[in-house]
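Each chain, letter by letter, is given below.
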Amino acid sequence: MPRRIAVNHHWNTAETQEELVKRATVQTIALGNLSIRLADVPLFREGASGLEQAVRVRIDGPRDQPVTISTSAGAELTIAPDQTTGHLFVPEVASPTDITLTIASGADQSNTSITVRPQRKFTVHLIHHSHFDYGYTDPQAMVLEHQLRYIDAALDLITATDDFAPADQFRWNVEVTFPLRHWLANRPQQMQDEFFRRVREGRIEINGLPFSMHTEVYSIDELAWGMNFTDELRQKHGVEIVSAIQSDVPGATIGLLNLLTSADIKYLSVAHNYAGRSIPHLLDGQSLTKPFWWKGADGKRLLVWMSDTPHGVAYMDGVLVGTSLGIEPSRQFLPDYLSNLANRPYPYGDRAFGWHDIPPGTQTTKQPYRHDILALRVQNGFADNAPPTMVLPETVQAWNAEYAWPKLRISTNRDYFTEIEQRIGDQIDTFEGDWTDWWVDGVGAAALPLGLNRQTQANLRTAQTLHTLAGNTTDATAARIDQVYEDAALFDEHTWGSANPWLHRLETFNSGDLQWGKKSAFAYTAYDNGAELLRSGLHHLTAGLGTAPGAHASLIVFNPSAYARWDLARVFVPLERLPLDTPATLIDARSGESVPYRIALQDNWGFRAKGQWIEFPASNLPPVGYARYDLVPSDAKPEATTPDDTYTLESPHFRVRINPASGYIESITDLDSGRELVDSDAPYGFNEYLYDRYTTAAAFNHLSGRVQDVDGTLMGDRYLASHAAVISRSRDAVADQITLRLEAEGTSGIETTIALPLGIKRVDIANRVFKTDVVEKESVYFAFPFAIDDTDPLYEITGGATTQSAPHVPGSCRHMFAIRHWVGLQDSTGSAAWATMEAPLIELGTIALPYSPFPSTIPADSQSPSTIYSWALNNMWDTNFPASQRGEMLFRFAISSEADLDRATLGQLTAATFSAPLVGQTLRQVPGAEPTPASKSWASIDNSSVELIAIRPGHDGATTLLLQSIANELTTATVDLAGFGATSATLGNHLGRNTKDVTLSNDSATITLEPGALVTLNLI
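First things first, this report covers the structure right here in the doc. Bear in mind the structure is a predicted one, so any value in this text is a computation, not a measurement.

**Quick notes on the sheet that holds strand E49 (residues 971-976)**
Spatial strand order, E46-E49-E53-E52: four strands in an open sheet with antiparallel pairing. Every interior strand has two partners, whereas the edge strands, strand E46 (940-941) and strand E52 (1000-1001), have only one. The pairing of E52 with strand E53 (residues 1004-1009) spans two bridges and is antiparallel. Bridging from a neighbouring strand, Ser 1001 pairs with Ser 1004 of E53.

**So, the packing of helix H9 (residues 327-343) against helix H10 (residues 391-402)**
The axes of two packed helices give the description: the angle between them and the distance between them. Interaxial distance between H9 and H10 falls to 10 Å at its minimum, and their mutual angle equals 65 degrees. By crossing handedness, the relation of H9 to H10 is classed as right-handed. Contact residues: Ile 327, Ser 330, Arg 331, Leu 334 and Pro 335 in H9; Thr 395, Ala 398, Trp 399 and Glu 402 in H10. Tallied by class, residues from the contact of H9 with H10 come to five nonpolar, two polar and two charged.

**A word on helix H3 (residues 177-186)**
Among the residues of H3, Thr 177, Phe 178, Pro 179, Leu 180, Trp 183 and Leu 184 are the ones counted as buried. In this structure, the buried side of H3 is in contact with helix H2 (140-160), strand E10 (172-174), helix H4 (189-201), strand E11 (204-206), helix H6 (228-237) and helix H13 (475-492).

**Here's the deal with the sheet that holds strand E16 (residues 373-378)**
Strands sit in the order E16-E9-E17 across an open sheet of three strands; the sheet is parallel. Each of the sheet's edge strands pairs with one partner strand only, and the pair in question is E16 and strand E17 (407-411). Strand-to-strand twist in this sheet, taken as the mean axis angle between neighbours without regard to direction, amounts to 25 degrees. Alignment of strand E9 (residues 123-128) against E17, held across five bridges, turns out to be parallel. Its bridge partner lying in E17, Val 124 is registered against Leu 408. Its contacts with the sheet put H10 on E9, E16 and E17, and the angle it makes with E17 is roughly 155 degrees.

**A few points about the packing of aromatic side chains**
Applying the stated criterion to the full structure yields 42 aromatic pairs. Seen in terms of ring centroids, Trp 438 and Phe 854 are 5.9 Å apart; in terms of plane orientation they differ by 35 degrees. Their pairing is tilted. Linking Trp 438 in the loop between strand E18 (429-432) and helix H12 (447-469) with Phe 854 in the loop between strand E41 (841-844) and strand E42 (867-874), this pair joins segments that are 416 residues apart in sequence. Note on Phe 854: relative accessible area 13%, which makes it buried. Considering the side-chain rings of Tyr 691 and Tyr 719, the 6.1 Å spacing of their centres and the 45 degrees angle between planes classify their relative orientation as tilted. With Tyr 691 in strand E29 (residues 688-694) and Tyr 719 in strand E30 (residues 715-720), this pair connects stretches of sequence that are 28 residues apart. The class of Tyr 691 is buried, set by a relative accessible area of 2%. Between the NZ or CZ atom of Lys 290 and the centre of the ring of Tyr 369, over which it lies, the distance is 5.9 Å.

Rules used throughout
- Residues numbered from 1 in each chain as written.
- Predicted model: local features only at pLDDT ≥ 70, side-chain atom pairs only at ≥ 80, totals over all residues.
- Heavy atoms only, no water.
- Pairing = 2+ DSSP bridges.
- Helix = DSSP H or I, 4+ residues; strand = E, 2+ residues; numbered from the N terminus.
- Axes fitted to C-alpha atoms, helices over the stretch in contact; angles between N-to-C directions.
- Left-handed = near helix turned anticlockwise from the far one by under 90°.
- Contact = heavy atoms within 4.5 Å.
- Nonpolar A, V, L, I, M, F, W, Y, C, P; charged D, E, K, R; others polar.
- Buried < 20%, exposed > 50% of the residue type's maximum accessible area, 1.4 Å probe, protein only.
- Phe/Tyr/Trp six-rings, centres within 6.5 Å; stacked < 30°, edge-to-face > 60°.
- Lys NZ or Arg CZ within 6 Å of the ring centre and 35° of its normal.

No statement about biological role is implied by the geometric values presented.
Here is the structure:
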């Protein structure tokens, strides 16, 4: 049978450690057939006459004799034949001092001189934890089982080292709270009491995030939900939680910063993993010093420690230097690491994991580490999901007994951050802005569940509002909402599958199918349960509301936004209420005027509830409220016609022309202003499908992180859709629309529907992609070239809105972004907005080849910053993310333009069709019920920069409005609360804590929000 022979990859641990020695070496001499490498390193011991510092001696070559190194002052070191490394100690020097060494082995002898320099006296805090990958190394359930065992083991190891000196005692950092929550639910009270006793003693630290996350794909409330358990721990157990850990993911949205500081988290420890095409050191990442203050636009700061050496496994740095492996490995590698840290920009070389070496000719601007205190993350071994180890305290105990410096201490994050804040807080640099993630392209490897999860985010916000307004605030409802949040958040959590996702074993790194089945199920389950909660909320809100007299049916359309809305409504009318082909007129109950509508029959007739969907433009819907529409008997029937011009669509606001051969949009004319929105000189058409194939091989773990392309040779082919055929073309009372079928590489076809709603100023696009299963490396893009003279478009992210030129943390990814929903463009003529539902990944101006250093695939003279490329899906990753995608996928976009609105306001209004869609319900015929009011509104906000996220129950019986500012400056808004009848109000953080009183005047509250703030307005 075939055999597989292991070969040397681009990196391994031994080579990484060897490069520590190589880079620290200052002198090499030959002694017979031996090579002797010397280095003065920051290692001290107490000698008979005071401190002594070390000269490291490394011997390479076969031998059967000891090697002796001595000085004229009497210092001597003998290295046995079975050893390679030793340290010769000489008196501490105050300035560079030449010392003569005599080196002998058998008959061979050599004299040499080495310059010994003054060395720093380092304090090294060792932060022992287990990096939680929910999967990757094993199926998820097995990973969680063992993470719980690790907390058991940590308690035992703490007890075992109670008699150690304080610096040597075992301490444990609970990296994230998700495993802890399960541990507390599955361990007896006695163990729980012991755990919290150790937390209060400072032997265990609870860090405040639920897991490491792709924060960009979280909605702001989903991101905030993850800290609810932290709040619960504080309130229930009286423990302080002041630190957070984010591991692996190289980047975090500004929203995370805002939420952490608002929740009284002061410290953030990040360990960026640069495996997978991340190259911050080739951008401005070399200027990112550590530690640093990460400051938000509100002026609040986090103190951040970043283990940022480009070897890419930064939460393994303590393992690489030997501290969890024993005293001998620590002797060999830790002093050399510290020497390199103090004297070189990077301690490791180009054989290290994840490293893309500095290309020849590139200026290295990063400065050596300038402080004498640092932290190293430590795990049991070079592994994710690693257990705790007794070797660490034994190593530290032995080290501190033997050496004066560096001093080692097993620490919690809080210990470390408190010390550096006190010692060097005034020397620490400050950086601002978003910290854009290098790994977020991976989320495009699962376009279908990702898109569903984004719909869940919208559904869940509205569901909470509906249930709260209906008074259905039971514990059972709250538990259902929490479960949807958990499932959605677990899908967005950073571990998306096994290390080798193309393999299908039952356990370990190769359990691809099992892990992806579980992972994708989080999104599917969240979507199903979120949609069920939404429907349930509608039923609870409309319970007891009556149908208008004489109407076939009355419909309620609910607007979850805090401002009036004009949008399309779609409401299901059961067959029992409106038989097929029944003529009826739709009446807006507020005005008595008829409203145009169209009918769509229920799909999969015979296997679903029978009835028809009524679609119509809902105008001026009250904020956080509803309007009633009545289907009354008449002779009218909605009809559709086939326009004479197949490829030109028109509404009162837009004219759209479609390319007959390729199906893309050639022109969008704003009929209100006469402006053309499409850049006709762009290399690709508007909504044109692009399919890229690359020349790298599939199913080789971490291959993409070891491949570079400076001249575009990894670009295989680019295909465009073609052979457009018209499936349907219609114009009715609601919209002018066309559906096209296109041939497209990587698919069995695409169906594109372009619609112009007649009563709303918008262009709606739906691309239905029938993806074929491809394991070769591929990407799908849709191009949107705007004829807007905006050199720096504004785009929405989790926590606010930003641009490419706005401040970013140095080293942020600059060629791709994961947005929430909208991009706004503006010039002297007006503004335009582009919004997406399912596809958050975008590139602006060009498409970068997705291999470092990310060269452009579009000539410079064809690039425009006002062109948006939607990166709909890909399979670029060689680990963790799915290896291929298949099946039917939907990608929806919306386009709008205005002469008199700024781009942020227009972006928010356009995206609301996705982020806060209208929902509707047919009222039941309730005997004796009064007719439902024509409309009702509970609340409104007079500032478009302040968004209502949801209404939900708060603490102590309060009703809470969760509000977010997307502005980059201090913002004041008046919130009309007439629908609540509140007598008092407070404003708090997103957890409902740190509240302050708010004055109510005429049922309104005027509040001031910090930039990017997520707050609770609590009503009693």
